[in-house]
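Coordinates in review
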Amino acid sequence: MYQYAYYSPAAVVIELNQAQLNSLRYGPALEEQTPLDELGTTLQSVKELTNLTLSGVDDYQESKKLSLDEVLQFMGVKTDAGMNLTELETKLDRIIELETVALDSFNDMHEYLIEIDADSVIFERHDAAVEKFKTAMQPVKDIRSAFNTAGSLDEQQRLLNELDDYLSTQQFKKTHTAEDFENGSLPFGPRNLQAREPLLDLSSLESSLYDPVNVASNSLTQDILRGLTAPSPEPNAEDLAETEEAPQTQEIIDLAESLNNDPVEIYNWVYNNIYSIPSYGAIQGAQYTMDLKAGNPFDTSALLLALLRAAGTPARYAYGTIQVPVEQAMNWVGGAEVPEAATNVMLQGGIPTVLQSYNGEITHVKMEHIWVEAWVDYEPSRGLVNNEGDHWIPMDASFKQYDFEAGMDLKSAVPFDAEGLINDLMATGTVDEQAGYVQGLDQSKIQQALSDYQSVVEAYINNQTPTATVGEVLGLQQLPIKQRGPLDAGLQYQVVDRASQIQAIPDSLKQKFRIKLDYDSWGSNALDETYNTVSLAGKNIAISFEPATQSDIDLITSYLPKLQENGDIDITKFPDQLPGYLIHVTPELTIDGETITSLNNIAMGTELTSYYAMYDPSFGWSQSKNRPIAGEYIAIGLDLQGIAPTFMENLQKDIKKVGQDIEDTNITGLDKHLISGKILQSVLYSYFAFNNIHDELSSRNTGQLIYRAPSYGQFHNNINSQYWFGIPRNVSFPGVTMDIDRLAITSSDKSNDHDLNKAVNQSNGMRMSFLENWIPEVMLSTNLEQLDGISASKALSFASDLGQKIYTLNINSISQLNSIEIDSQARAEIIESLRSNKVVIVHEKPIALGKWTGSGYVILDSSGAGAYKISGGYNGSETTSSNLLIGSGALLAVTDTYAGKKTPTKPWFSESLKKIWKQGLASKATGYLGLGVSILMALTDDSLAWSDKLAQISMNLLGFGVTAYVASALVAATAIPLVAAVLLSVLIAMALAVAVTYINSYYFSMSTWRLKPDLRGRLT
């Protein structure tokens, strides 16, 4: 769509620095704030103004070879007396005035500490902070004084450089987290990676599993190697042992028993019930594959091996390169229409794959693959009578062929006029091709068109086939059921070559997840743990903080409301903020109740650096970076290949139990992970599940192959720090933040249409962004408070409704940033993305929504993958709240004081907080989680009548399908002007997301995969 020109970095920076200076000079006034807040914001303003002035001088002087006088004249800051630094000097004077206010506040805090009889260590921290503040202020005052006597431009520039050097080492606000455009893919969409070709000989395959074998021989032939690696003729104890990826859980043991511990029945059950995902490496393990009813060849093989071993049948893995007819490969990946589409998905999934041709025609696919070999009683019954094993028999339950049953052809029966809607929509606004913006589009037209069209479709189904099943309406991907019969001695494809049998999947073929937390940017480490993802599947993960000492607990407790005579508390007396610099906390990493505690502690409100990294055996490590604040409760979620309904059910049960324990004043076992963590986890995993069902229906209606690749994100209480030279003076608790670092897919159009695939990815990305604010809003709002969140998609939509210009920028239109007001750190990220040949969508100036003020912007690459950012650098959303369990309730994440573990005071069991929990968050979370499981049952039961007792849920499923179809029709429309194409795909997707999610709350918390073992249909 765009042609990119080359711009030198210097030329780009000059042009934009001038715009930044103008933005700082003439930007919107700061919102009303206290003098203590003003000190930090004014210091930050001086820091940015000084840096931008010098950057503009240096870059322009270098590129144009001008004198300093000429540069300053151009920038409008040159006078006969030197630089016009009035604005800078005024801000410095105000900072010096505010120093007195700051010191007075420190004196007030000292008096409070005396009043509560604080421990001596708290006084020591206070005195150290005061001294640090005074010392840090002195260079600012000295430089300000020197400006009064500076007699030349060179002297003024020297002072500016000195001020810039000093302030650049100081912190006054939270650091913006920018995307890394040099390494890795953007957060939402395809990973843009391709696996290698498959290995074709034994020695190469062996070396991919283990270190090479060393022998005393001048030449290691294939025959010698086969002798070294040949399996033992008889099984041993390890062939019955549990492994990390194939544990002997009670559920697996029970399932094996229900299948009579019979290897034939076990093989058939896995083949008939587990849908295949074309990806590579052990990702989720046997138990989660059984729960999800889907998995890749490694995980499906792990489940089969675990069940066989639980039944007493020795089993091993086999690994090699296989060759399959291309038609079977196309069917296996989900119904690709051309060979290239099939291999595109497989290569993105990490499977070493290559197409094979004969006489110029593609005939086969070669790929590396894993399967199971079981020691069964093969002769004479071929496994039907299993008394004593006598042969290793291969079993592959992951490579299978599907029957595809089309749903109703609603596109033909009830066509949708996409181009007519586009024309109507464009007529409501302004499209400026030259300036690259769209303004004034009436988005309500999209929502009205969707609502009208869904009514027509619903009427059509009810009139034509009122007794139709869900499967008949939506279409199915079905497995021909494998009946009990003799086992084959070979596999259903040709084995090119194979490695030796292995008794456990080697570490080199397991995907991994790393969690690293640093105290500072120099890498002072707080936590650093790496896990195989098979050990994390279905588990609750969190980074949280615990008060470091009893002195810290006592100080926090002094700010909490006291129990009244009637046993209740006054919830209006919860603190709005705490003195972060006085409270020390210790980081903790918790995985399903098991906690790893850091050895060091840090002041509450301090900005840390966290790294989440995912390892793929085919692609290596990919990493994301975040800036957590000490004291937050950070729920970390993994969506490895889908969210299992049983996992959602367990979250629902846990929240119900916590609510009952609080109601019964049962203190045993209650802690921050149950009280605060479970709510945050339920929102995060509902976000993942909801996106999965949207992806499923989007792929069906747009002719795409879409599979979830290992993904992760976080949802946490916000802590807002008031920084004075890095000192977290006060911390407040404004709400919650969702930040999804990676929502990855493997994706291809079935006919390998790259343009359509890109458009669908962009459309789906905007929906992913919108759900980041919508799901916290609906799950955390109560009858006491309706929350309002912000995401990139909502910011763009809101700005458009306000009449702002919405710009679509590329490297050729980078100068349009002169017309856009946005904070300096977001602007810098946009510049870097444009230099990297990305496309950026951004609105004209900051917006205010509730307590949030800032901008939203979208960064897109050539595949349609995107980053959906808001001010501050989150690829996510912020939701403000005054609810005690959400806003000020972040205190729960800092200490278990509320649970009564540290003091006899138990405000958690007061009637006021019980009511908030019972009538608010707990009931909301359990209700949505439960309804999600109910909808999943409707989605996966192909025999469910459209008009039965779950008709309401069924019609909501229709709403998903209709929305996905309308999105595909709009994406394919040709009436969109070039300049508006990307923007309109964003606005259309956002409007569709709004419409479909507000049709009914029954949509919430769904998974794409089946719930019941006996249900065999899945949406295509």
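The protein chain carries the name Transglutaminase domain-containing protein in an unreviewed UniProt entry, which gives Reinekea marina as its organism.

Some thoughts on the overall build of the protein chain
Broken down by element type, the protein chain carries 28 helices and 38 strands. Expressed as a percentage of the 1020 residues in the protein chain, the buried residues total 61%. Long-range pairs, those at least 24 residues apart, make up 78% of the contacts in the protein chain with a sequence separation of at least 6. Just so you have it, the protein chain exposes about 37,500 Å², and 48% of that area is on carbon and sulfur atoms.

Comments concerning the confidence of the model for the protein chain
Model confidence for the protein chain is summarised by a mean pLDDT of 79, while 75% of its residues fall at 70 or above. Averaged over each element, pLDDT in the protein chain is lowest for helix H1 (residues 9–26) (36) and highest for helix H12 (residues 297–310) (98). Contacts from residues 1–31, a stretch scored under 50 in pLDDT, to residues over four places away or in other chains number 65 contacts. Taken as a whole, residues 74–83 scores under 50 in pLDDT and shows 25 contacts with residues more than four places along the chain or in a different chain.

So, the environment of Asn273
Considering the arrangement of structural elements, one finds Asn273 in helix H10 (residues 263–273). Residues Asn273 and Ala397 lie 124 residues apart in sequence; the distance between their C-alpha atoms is 9.5 Å. For Asn273, the side chain forms a polar contact with the main-chain oxygen of Trp269, separated by 2.8 Å.

Topic: helix H17 (residues 444–464)
Taking 1.5 Å per residue as the helical rise, H17 with its 21 residues ought to reach 30 Å, and the 30 Å between its terminal C-alpha atoms agrees with that figure. Of all the positions in H17, only Ile446, Ala449, Leu450, Tyr453, Gln454, Val457 and Ile461 are classed as buried. Burial along H17 is one-sided: seen end-on, the buried residues are contained in an arc of 130°.

Thoughts on the sheet that holds strand S28 (residues 727–732)
An order of S18-S28-S27 is seen for the 3 strands of this open sheet, with the pairing classed as antiparallel. Because the sheet does not close on itself, it has two edges, and the strands there are strand S18 (577–578) and strand S27 (720–724). Bridge analysis of S18 against S28 gives 2 bridges, and the strand direction is antiparallel. Bridging across to S28, Gln577 finds its partner in Ser732.

Quick notes on unusual backbone geometry
Here the bond from Glu379 into Pro380 is cis, since omega is 10°, no more than 30 degrees from zero. Within the secondary structure, Pro380 sits in the loop between strand S8 (361–376) and strand S9 (391–395). The phi dihedral of Asn260 falls on the positive side, at around 65°, and the residue is not glycine. Residue placement: Asn260 occurs in the loop between helix H9 (250–258) and H10. Since its relative accessible area comes to 54%, Asn260 is described here as exposed.

Digging into the packing of helix H16 (residues 418–426) against H17
Where H16 contacts H17, the axes come no closer than 10 Å and their chain directions differ by 150°. Taken together, H16 and H17 sit at an angle that is classed as roughly antiparallel. Here the hand of the crossing between H16 and H17 comes out right-handed. Facing H16, whose interface residues are Leu421, Asp424 and Leu425, H17 presents Lys445, Ile446 and Ala449. Residues belonging to the contact of H16 with H17 are distributed by class as follows: 4 nonpolar, no polar and 2 charged.

Considering helix H11 (residues 285–292)
Residues separated by three or four positions in an α-helix point in the same direction, a consequence of the helix having 3.6 residues per turn. Extensive coverage of H11 is indicated by the burial of 8 of its 8 residues. Within H11, burial applies to Gly285, Ala286, Gln287, Tyr288, Thr289, Met290, Asp291 and Leu292. Positive phi appears at Lys293, one or two residues downstream of H11, with a value of about 65°.

Section: the packing of aromatic side chains
This structure, assessed with the given rule, holds 26 aromatic pairs. Their ring planes at 5° and their centres at 5.7 Å tell us that Tyr275 and Tyr402 sit as a pair that is stacked. Of the two residues, Tyr275 is situated in strand S4 (residues 275–276) and Tyr402 in the loop between S9 and strand S10 (403–405); the sequence distance between them amounts to 127 residues. Taking relative accessible area as the criterion, Tyr275 reaches 0% and is therefore assigned buried. Judged by relative accessible area, which is 4%, Tyr402 ranks as buried. Relative to Tyr712, the ring of Tyr612 has its centre 6.1 Å away and its plane inclined at 90°; by these criteria the two rings are edge-to-face.

Here we look at the pairing of strand S31 (residues 805–809)
The buried count for S31 comes to 4 of 5 residues, which makes it a mostly enclosed element. Here strand S12 (residues 437–439) pairs with S31 via 3 bridges, running antiparallel. Bridging across to S31, Tyr437 finds its partner in Tyr807. Inspection of the sheet shows S31 paired to strand S32 (residues 839–843) by 4 bridges, in the antiparallel sense. Directly across from Leu809, in S32, lies its bridge partner Val840.

Description of the sheet that holds strand S22 (residues 609–616)
In spatial order, the strands read S16-S15-S22-S23; together these 4 strands make up an open sheet with antiparallel pairing. Edge positions in the sheet fall to strand S16 (525–532) and strand S23 (620–626), since each has one partner strand and no second. The sheet shows a mean angle of 15° between the axes of neighbouring strands, direction not considered. Two strands pair when backbone bridges link them, and S22 and S23 are joined in this way by 7 bridges, in the antiparallel orientation. Note on S23: the bridge partner recorded for Met614 is Ser622.

A short note on the side chain of Arg827
Here Arg827 is to be found in helix H24 (residues 824–835). For Arg827, which is buried and forms no salt bridge, the nearest opposite charge comes from Glu821, at a distance of 7.8 Å. Engagement of the side chain of Arg827 in a polar contact is seen with the backbone oxygen of Ile820, the distance being 2.6 Å.

As for the pattern of salt bridges
For the structure on display, the rule yields 27 salt bridges. A salt bridge links Asp528 to Arg514, with the nearest nitrogen and oxygen atoms 2.7 Å apart. With Asp528 in strand S16 and Arg514 in strand S15 (residues 512–518), this pair connects stretches of sequence that are 14 residues apart. On the basis of relative accessible area, Asp528 is assigned to the partly exposed category, the value being 30%. Of the residues examined, Arg514 reaches a relative accessible area of 25% and is grouped as partly exposed. Connected via shared salt-bridge partners are Asp639, Asp695, Arg708 and Arg767.

Here we look at a negative patch on the surface
Taken together, the side chains of Asp117, Asp119, Glu124, Asp127 and Asp554 present a region of like negative charge at the surface. Looking at the element boundaries, Glu124 is found in helix H5 (residues 120–147).

Some thoughts on the packing of H11 against H12
One can describe the packing of H11 onto H12 by two numbers: an axis separation of 8 Å at closest approach and a directional angle of 100°. Taken together, the axes of H11 and H12 are roughly perpendicular relative to one another. Only Asp299, Thr300, Ala302, Leu303 and Ala306 of H12 make contact with H11, whose side of the interface consists of Gly285, Ala286, Thr289 and Met290. When its residues are assigned to classes, the contact of H11 with H12 shows 5 nonpolar, 3 polar and 1 charged.

Quick notes on the environment of Asp488
Within the fold, Asp488 resides in the loop between strand S13 (476–478) and strand S14 (494–498). Between the C-alpha atom of Asp488 and that of Ile393, which follows or precedes it by 95 residues, the distance is 7.8 Å. In this structure, Asp488 is in contact with Tyr378, Arg382, Ile393 and Pro394, ignoring residues within four places of it in sequence. Polar side-chain contacts of Asp488 include one of 3.4 Å to the side chain of Arg382.

As for the environment of Phe690
Here Phe690 shows up in helix H21 (residues 672–702). Exposure remark for Phe690: the relative accessible area of 0% places this residue in the buried category. Linking Phe690 and Ile775, residues 85 residues apart in sequence, is a C-alpha distance of 9.0 Å.

Points about the pairing of strand S7 (residues 353–358)
Where S7 meets S8, 6 bridges bridge the pair, whose relative direction is antiparallel. Within S8, the residue paired with Val354 across the bridge is Lys366. Counted between consecutive antiparallel strands, the loop separating S7 from S8 contains 2 residues, among which Asn359 sits at a positive phi close to 55°.

Criteria and cut-off values
Numbering of residues starts from 1 in each chain and follows the order in which that chain's sequence is written. Local features in a predicted model are, by the rule used here, given only for residues with pLDDT of at least 70; side-chain atom pairs are given and counted only at 80 or more, and totals for whole chains, interfaces and linings are based on all residues. Note that the side-chain values use all heavy atoms of the structure and ignore hydrogens as well as water. A run of DSSP states H or I qualifies as a helix once it reaches four residues; a run of E qualifies as a strand once it reaches two. Both are numbered from the N-terminal end. Under the scheme applied here, a residue whose accessible area is under 20% of the maximum for its type counts as buried, over 50% as exposed, and between as partly exposed, the area being computed with a 1.4 Å probe on protein chains only. Throughout, a contact is declared for two residues whenever any of their heavy atoms are within 4.5 Å. A 1.4 Å probe and the Shrake-Rupley method give the accessible areas. Residues count as covered only by the protein chains that appear here. Confidence of the predictor at the level of single residues is captured by pLDDT, which takes values from 0 to 100. Polar contacts, as used here, are pairs of N or O atoms within 3.5 Å; protein pairs need one atom able to donate a hydrogen and one able to accept it. Residues neighboring in sequence count only if both atoms are side-chain atoms. To estimate how far a helix should reach, multiply one less than its number of residues by 1.5 Å. To be clear, the arc concerns the directions from the helix axis to the C-beta atoms. By the convention used here, strands pair only if DSSP detects at least 2 bridges between them. To get an axis, fit a line to the C-alpha atoms, keeping to the stretch in contact for a helix; angles then go from 0 to 180 degrees between the N-to-C directions. Angle categories are assigned with fixed cut-offs, so that under 35 degrees is roughly parallel, over 145 is roughly antiparallel, 65 to 115 is roughly perpendicular, and the rest are oblique. Definitions for this section: a left-handed crossing has its near helix turned counterclockwise from the far helix by less than a right angle. A right-handed crossing has that turn clockwise. Under the scheme applied here, ten amino acids are nonpolar (Ala, Val, Leu, Ile, Met, Phe, Trp, Tyr, Cys and Pro), four are charged (Asp, Glu, Lys and Arg), and all others, including Gly, are polar. A pair of aromatic rings is counted whenever rings of Phe, Tyr or Trp (Trp by its six-membered ring) have centres within 6.5 Å, and the orientation is called stacked for planes under 30 degrees apart, edge-to-face for over 60 and tilted otherwise. Charged residues are defined narrowly, with Lys and Arg counted positive, Asp and Glu counted negative, and His plus the chain ends left uncounted. Definition used for salt bridges: Asp or Glu carboxyl oxygen within 4 Å of a side-chain nitrogen of Lys or Arg. Excluding any residue in a salt bridge, patches collect residues exceeding 30% relative accessible area, merging like charges within 9 Å and nonpolar Val, Leu, Ile, Met, Phe, Trp and Tyr side chains within 5 Å. Here the site of a charge means atom NZ of a Lys, CZ of an Arg, CG of an Asp or CD of a Glu.

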